[in-house]
Amino acid sequence: MKIKSDFNDVDALGDDHIGSSSDTPLRADAFELTSSEKIDSIKADVKHILETLGLDLNDDSLKGTPNRVAKMFVNEIFGGLDPAKKPSASTFDNKYKYGEMLVEKNITVYSTCEHHLLPIVGRAHIAYISNGTVVGLSKMNRIVDYFAKRPQVQERLTIQIVKELQNVLNTEDVACVIDAKHLCVNSRGIRDIESSTVTSEFGGKFKETETRRELLDYIQLDTQF
Ligand SMILES: [Zn+2]
């Protein structure tokens, strides 16, 4: 991608949601503090932000906010930065010799845009073709959730999910499509509540037109339950 010279400005890069790499950019000292040390430090920072904005933190409604936000950042919405929380890679042998593609669709995605720290809400559709190894269905949801719980760029999230499944399943034949709304676009800036962003990553056989077409047909298939 060619970036226009006026995008050299970091504000412009963030506003246009241009990501830099497929790995989450982490500092070398990312895990030197314990979770509770991180919560204490962030708590003081959130208090500072709110007070700078002019809010009175003696008010009963606001009093617990710094601690609540700090805990939410470390344990919940950014909990996927911690490699210890990565879902374990338990796989099974494919006893049924099922050689067709398996699609897990409409997996709920809750993530956070790393440029504005506002929510990304959407759905992920994942597919793989087994080479003899299969993974529990809920494992795919957990992998999505783990990578979503980070400050994210949707393109990176899509790639990280595919790479992890390729690793776990020991095959290149993995694909992921994500359709999501970014609250930084929907609720501020351009304020477009209708638009959503679609990203996709097709590995191995999914690069072939016919296989990709089959996957996209399954995603569109509307089953009545
Ligand atoms: Zn954003």
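Refer to the structure printed above.
Just so we're clear, the structure is a prediction, and the values are computed from it rather than from any experiment.

Asks: Now, about the overall build of the protein: what can you tell me, with residues and values included?
Replies: Within the protein, the regular secondary structure consists of eight helices and seven strands. For the protein, the spread of C-alpha atoms along the principal axes amounts to about 65 × 40 × 40 Å. The buried share of the protein, reckoned over its 225 residues, is 36%. In the protein, 67% of the contacts between residues at least 6 apart in sequence involve partners at least 24 apart. Accessible surface, the protein as shown: approximately 13900 Å² in total, 52% of it carbon and sulfur. In the protein, which carries 28 positive and 35 negative side-chain charges, the distance between the mean positions of the two groups comes to 3 Å.

Asks: Quick one: what's the story with the packing of helix α5 (residues 137-148) against helix α6 (residues 154-169), residue by residue and with numbers?
Replies: Interhelical geometry of α5 versus α6 gives an angle of 135° and a closest axis separation of 10 Å. Put simply, α5 runs oblique to α6. Our pair here, α5 against α6, has a crossing hand that is right-handed. Of α6, the residues touching α5 (which contributes M140, I143, V144, F147 and A148) are L157, Q160, I161, E164 and L165. Taken together, the residues of the contact of α5 with α6 break down into eight nonpolar, one polar and one charged.

Asks: Can you lay out the nonpolar core for me, pointing to particular residues and giving the numbers?
Replies: Ranked by size, the top nonpolar core spans 25 residues in total, and within it I126, I161 and L165 carry the most contacts. Counting only elements with at least two residues in this core, the list comes to β2 (101-113), β3 (119-129), α5, α6 and β6 (174-182). Ignoring any residue separated from it by four or fewer positions in sequence, one finds I126 in contact with L102, V103, E104, I107, M140, V144, I161, L165, A175 and C176. I129, A175, F206 and I219 belong to the second largest nonpolar core, which has nine residues in total.

Asks: Pulling in residues and values, what's your account of the pattern of salt bridges?
Replies: In total, this model carries eight salt bridges according to the counting rule given. D29 is the partner of R27 in a salt bridge, and the nearest nitrogen-oxygen pair spans 2.9 Å. Since its relative accessible area comes to 61%, R27 is described here as exposed. A relative accessible area of 30% means that D29 is categorised as partly exposed. Here E114 ties to R156 by a salt bridge, and the two come within 2.9 Å at their closest N and O atoms. Taken together, the positions of E114 in the loop between β2 and β3 and R156 in helix α6 put the pair 42 residues apart, joining distant regions of the chain. Judged by its relative accessible area of 3%, R156 falls in the buried class.

Asks: An account of helix α8 (residues 209-220) is requested, with residue identities and associated values reported.
Replies: Look at α8: 16 Å from first C-alpha to last across 12 residues, which is about the 16 Å you get at 1.5 Å a residue. Among the residues of α8, T211, L215 and I219 are the ones counted as buried. In a view along the axis of α8, the buried residues occupy a sector of 80°, so they form one face of it. Those residues of α8 that are exposed and aimed more than 90 degrees away from the buried face are T209, E210 and Q220. Those residues of α8 that are buried are in contact with β2, β3, β6 and β7 (197-202).

Asks: Account for helix α2 (residues 35-52), with residues named and values stated.
Replies: For α2, built from 18 residues, the straight-helix expectation of 26 Å at 1.5 Å per residue is met to within 8% by its first-to-last C-alpha distance of 26 Å. Looking only at α2, the buried set comprises I39, V46 and L50. Viewed end-on, α2 has its buried residues packed into an arc of 30°, placing them on one side of the element. Those residues of α2 that are exposed and aimed more than 90 degrees away from the buried face are D40, H48 and T52. Where α2 is buried, its residues meet α4 (65-77). One or two steps after α2, the chain reaches G54, where phi turns positive at roughly 100°.

Asks: Got a sec to walk through the layout of surface pockets? Specific residues and values, please.
Replies: In this model, the largest pocket occupies a volume close to 640 Å³. Going through the elements one at a time, α2 and α4 are the ones with two or more residues in the lining of the largest pocket. It is α2 that provides the largest number of residues to the lining of the largest pocket, a total of four residues. Of the residues contributing to the lining of the largest pocket, the split by class is 12 nonpolar, five polar and six charged.

Conventions used here
Residues numbered from 1 in each chain as written. Predicted model: local features only at pLDDT ≥ 70, side-chain atom pairs only at ≥ 80, totals over all residues. Heavy atoms only, no water. Helix = DSSP H or I, 4+ residues; strand = E, 2+ residues; numbered from the N terminus. Buried < 20%, exposed > 50% of the residue type's maximum accessible area, 1.4 Å probe, protein only. Contact = heavy atoms within 4.5 Å. Areas by Shrake-Rupley, 256 points an atom, 1.4 Å probe, with all protein chains shown as cover. Lys, Arg positive; Asp, Glu negative; His and termini not counted. Charge placed at Lys NZ, Arg CZ, Asp CG, Glu CD. Axes fitted to C-alpha atoms, helices over the stretch in contact; angles between N-to-C directions. Parallel < 35°, antiparallel > 145°, perpendicular 65-115°, else oblique. Left-handed = near helix turned anticlockwise from the far one by under 90°. Nonpolar A, V, L, I, M, F, W, Y, C, P; charged D, E, K, R; others polar. Core = buried A, V, L, I, M, F, W, Y, C linked by side-chain atoms within 4.5 Å. Salt bridge = Lys/Arg side-chain N within 4 Å of Asp/Glu carboxyl O. Expected span 1.5 Å × (residues − 1). Arc of directions from axis to C-beta. 1 Å grid on protein atoms, 1.4 Å probe; cavity = no way out; pocket = protein on both sides within 12 Å on 5 of 7 lines; lining within 4 Å. Points joined across faces, edges and corners; volume = space filled by probe spheres on them.

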